[in-house]
Structure formats: structure tokens, C-alpha cells
Amino acid sequence: MTIGIVQLLDELGGWVADYTIIQDAIDAASDGYTIVIGEGTYTEQIIVDGIDDLTITTDGGPVTVKAPADRGPDDFVLVRPGSPRRGDGPELRQCHDRL
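It should be emphasised that the depicted structure is a prediction, and the values quoted were computed from it without experimental measurement.

Caption draft 1: Structural context of the overall build of the protein. A tally of regular secondary structure across the protein gives one helix and nine strands. Mapped from its N terminus to its C terminus, the protein presents α and β elements in the order β-β-α-β-β-β-β-β-β-β. When each of the 99 residues of the protein is scored for burial, the buried share is 40%. About 5,600 Å² of surface is accessible on the protein, with carbon and sulfur atoms providing 49% of the total.

Below you can see the structure in the form of C-alpha cells.
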């Protein structure tokens, strides 16, 4: 498994922090932030909850996000109601909420 750098940028495009886990960047993000995922393979569940206008994109290299062993292939990316998303990189599918 290769893991790249996940950059968190503020609403003006300024650098905030680097991470190796996508969810850590999402958890640290605020409204209007951008997450740039570096080339690599990530095995994790991604949950976007309560962040408005979050952009998730790649740095241009190939990115693979795999479901953890305890998750099905269709429910590892959760975008909860009230968390609009946009992006010009990987397509995120809204999956079944299990709230």
C-alpha cells in the first residue's frame, strides 16, 4: 500500500496542514476548505459531516480509496445530509447512511 500526502487548504487556497489519512484532513477542515489527495492507495472509511462547500480533489496522480475490511464496497464514503460537496477530482458517491 502506498500513501501520499493529503493537503488541507483554506478557503483562499492557503496551506493549512499535511496529513497521510484523508479522514484526518476532513476532520480538520472548515467550510470552504479544499482537500488535495496525493497519489497513492488509501484504505479507510470517509465520512463528510457538517462541512459546507468542501472540495476534494487529487494532485493529478492516480488515487485509489479502498473500503476497510469491515465495510462493503458501497458504503465506505458517507456524505451526510447537510454536507454539500463538490470536486473536480475523484467522484464521491453518496452511500447509505447508517445513522
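The structure having been displayed, the exposition proceeds.
Caption draft 2: Layout of the environment of alanine 28. Positionally, alanine 28 belongs in helix 1 (residues 22–28). Exposure remark for alanine 28: the relative accessible area of 36% places this residue in the partly exposed category. For the pair alanine 28 and alanine 17, spaced 11 residues apart in sequence, the C-alpha to C-alpha distance is 9.0 Å. Non-local contacts of alanine 28, meaning those with residues more than four positions away in its chain, are made with Leu8, Tyr19 and Tyr33.

Caption draft 3: Looking closely at the environment of valine 36. Tracing the backbone shows valine 36 in strand 3 (residues 34–37). Separated by 14 residues in sequence, valine 36 and isoleucine 22 place their C-alpha atoms 9.2 Å apart. Excluding anything up to four places from it in sequence, valine 36 contacts Ile5, Val6, Gln7, Leu9, Thr57, Thr58 and Asp59.

Caption draft 4: Representation of unusual backbone geometry. Even without glycine at this site, aspartate 53 takes up a positive phi of about 60°. Relative to the elements of secondary structure, aspartate 53 occurs in the loop between strand 5 (46–48) and strand 6 (54–58).

Caption draft 5: Structural context of the pairing of strand 2 (residues 15–19). Summarising the sheet, strand 1 (residues 6–9) and strand 2 pair through four bridges and their orientation is antiparallel. In the strand pairing of strand 2, leucine 8 is matched with alanine 17. Taking the residues that link successive antiparallel strands as the turn, the strand 1-strand 2 hairpin has five residues, and the phi of glycine 13 there is positive, at about 90°.

Caption draft 6: Structural detail: the nonpolar core. Of all hydrophobic cores here, the largest spans 15 residues; its most connected members are Ile22, Ile26, Ile35, Leu54 and Ile56. Looking at this core, the elements with two or more residues in it are strand 1, helix 1, strand 3, strand 5 and strand 6. Ranked by residue count, the leading element in this core is helix 1, at three residues. Not counting the four nearest positions on each side in its chain, isoleucine 35 is found in contact with Val6, Gln7, Leu8, Ala25, Ile26, Leu54, Thr55, Ile56 and Thr57.

Caption draft 7: A look at the confidence of the model for the protein. Across the protein, the average pLDDT comes to 79, with 69% of residues at or above 70. Across residues 84–99, confidence stays below pLDDT 50; counting only partners more than four residues off in sequence or on other chains, it has 42 contacts.

Caption draft 8: Highlighting the environment of isoleucine 51. Of note, isoleucine 51 is situated in the loop between strand 5 and strand 6. Taking the C-alpha atoms as reference points, isoleucine 51 and aspartate 31, 20 residues apart in sequence, are found 5.3 Å from one another.

Calculation rules
Residues numbered from 1 in each chain as written. Predicted model: local features only at pLDDT ≥ 70, side-chain atom pairs only at ≥ 80, totals over all residues. Heavy atoms only, no water. Helix = DSSP H or I, 4+ residues; strand = E, 2+ residues; numbered from the N terminus. Buried < 20%, exposed > 50% of the residue type's maximum accessible area, 1.4 Å probe, protein only. Areas by Shrake-Rupley, 256 points an atom, 1.4 Å probe, with all protein chains shown as cover. Contact = heavy atoms within 4.5 Å. Pairing = 2+ DSSP bridges. Core = buried A, V, L, I, M, F, W, Y, C linked by side-chain atoms within 4.5 Å. pLDDT = per-residue confidence, 0-100.

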